[in-house]
Amino acid sequence: MRRRIFPSIPQSITVFLFWVLMAEDTGPGTLLMAAFLAWLMPQIASRLEREFARLGSLWVLVPFTLRLLGDIVVANLTVARQVLGREDRLKPGFIWIPLELTNIHGISALTSVITLTPGTLTAELSADRRHLLVHCLHVPDPQAAIDQIKQRYEAPLRRIFP
């Protein structure tokens with residue numbers, strides 16, 4: 001399929017006019033920048049449109065988001081208790097999570113979810129994108145932590161990002 005220079009003429013015109021109006025100037029530099037943006041923005045938008053067309057079951061987002069919000073609240077309370085408690089009771093550590101997710105956007109979402117949840121932090125993605133290194137504030141059972149992340153977060157994300 002051949003890519004067009006301007007995938008959406010109305011969008012290009014809108015971007016061009018918006019830039020000129022926002023700049024309040026019709027000098028050559030402004031017009032050149034407006035023309036460049038009128039070409040660039042529809043290119044980016046068409047790429048995003050193709051990416052979002054490959055999304056899977058978006059209805060999974062509702063229960064996933066509710067679960068994530070609940071987990072964040074519980075994790076905040078747990079981390080507060082751990083931080084205010086005795087330091088020698090904490091067992092921090094790194095765990096490698098084997099990934100079944102292959103979509104880079106899904107992997108990115110998973111890393112964001114892990115980092116959003118207090119007590120965990122995504123540290124590294126392996127070069128082959130098959131393992132994720134996660135730091136946990138308290139990880140008495142590494143396999144249980146891996147299983148929980150895979151079941152609660154990775155599994156629904158695999159349905160959203162096939």
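Residues numbered from 1 in each chain as written. Predicted model: local features only at pLDDT ≥ 70, side-chain atom pairs only at ≥ 80, totals over all residues. Heavy atoms only, no water.

Quick look at the overall build of the chain
Short version of the rule: Where helices and strands are cited, they refer to DSSP runs of H or I of at least four residues and of E of at least two residues respectively, numbered from the N terminus. The reference for a compact globule is 2.2 Å times residues^0.38; the radius of gyration itself is calculated from the C-alpha atoms. Burial here depends on accessible area, computed with a 1.4 Å probe over protein chains only, as a share of the maximum for the residue type. Under 20% is buried, over 50% is exposed, and the range in between is partly exposed. Throughout, a contact is declared for two residues whenever any of their heavy atoms are within 4.5 Å. Residue exposure ignores everything except the shown protein chains as possible cover, and the areas themselves are Shrake-Rupley values with a 1.4 Å probe.
A count of helical and extended segments in the chain gives 5 helices and 3 strands. Along the chain, helices (α) and strands (β) appear in the sequence α-α-α-β-α-β-β-α when read from the amino end. Its C-alpha radius of gyration of 22 Å places the chain more than 25% over the 15 Å reference for a compact globule of 162 residues. Principal-axis analysis of the C-alpha atoms places the extent of the chain at approximately 65 × 35 × 30 Å. Looking at the chain as a whole, 31% of its 162 residues qualify as buried. Of all intrachain contacts in the chain linking residues separated by at least 6 positions in sequence, the fraction that spans at least 24 positions is 71%. Only carbon and sulfur atoms are counted for the fraction: they give 65% of the accessible area of the chain, which is about 10900 Å².

Concerning the environment of Pro-98
With respect to the element layout, Pro-98 can be found in strand E1 (residues 93-98). Residues Pro-98 and Leu-133 lie 35 residues apart in sequence; the distance between their C-alpha atoms is 9.0 Å. Beyond its immediate chain neighbours, meaning those up to four positions away, Pro-98 contacts Arg-130, His-131, Ile-146, Lys-150 and Glu-154.

A word on the packing of helix H4 (residues 104-116) against helix H5 (residues 142-160)
Stated precisely, the cut-off is as follows: Here the axes come from fitting lines to C-alpha atoms, over the contacting stretch only for helices, and the angles between their N-to-C directions go from 0 to 180 degrees. In this scheme, a crossing is called left-handed if the near helix is turned counterclockwise away from the far one by less than a right angle; it is called right-handed if the turn is clockwise. The nonpolar class holds Ala, Val, Leu, Ile, Met, Phe, Trp, Tyr, Cys and Pro. Asp, Glu, Lys and Arg form the charged class, and all remaining residues, Gly among them, are polar.
Orientation of H4 relative to H5, taken along the N-to-C sense of each, is 145°, at an axis distance of 9 Å. Judged by the twist between their axes, the crossing of H4 over H5 is right-handed. Counted together, Gly-106, Ala-109, Leu-110, Val-113 and Ile-114 of H4 and Ile-149, Tyr-153, Glu-154 and Leu-157 of H5 form the full contact between these two elements. A per-class count over the contact of H4 with H5 returns 7 nonpolar, 1 polar and 1 charged.

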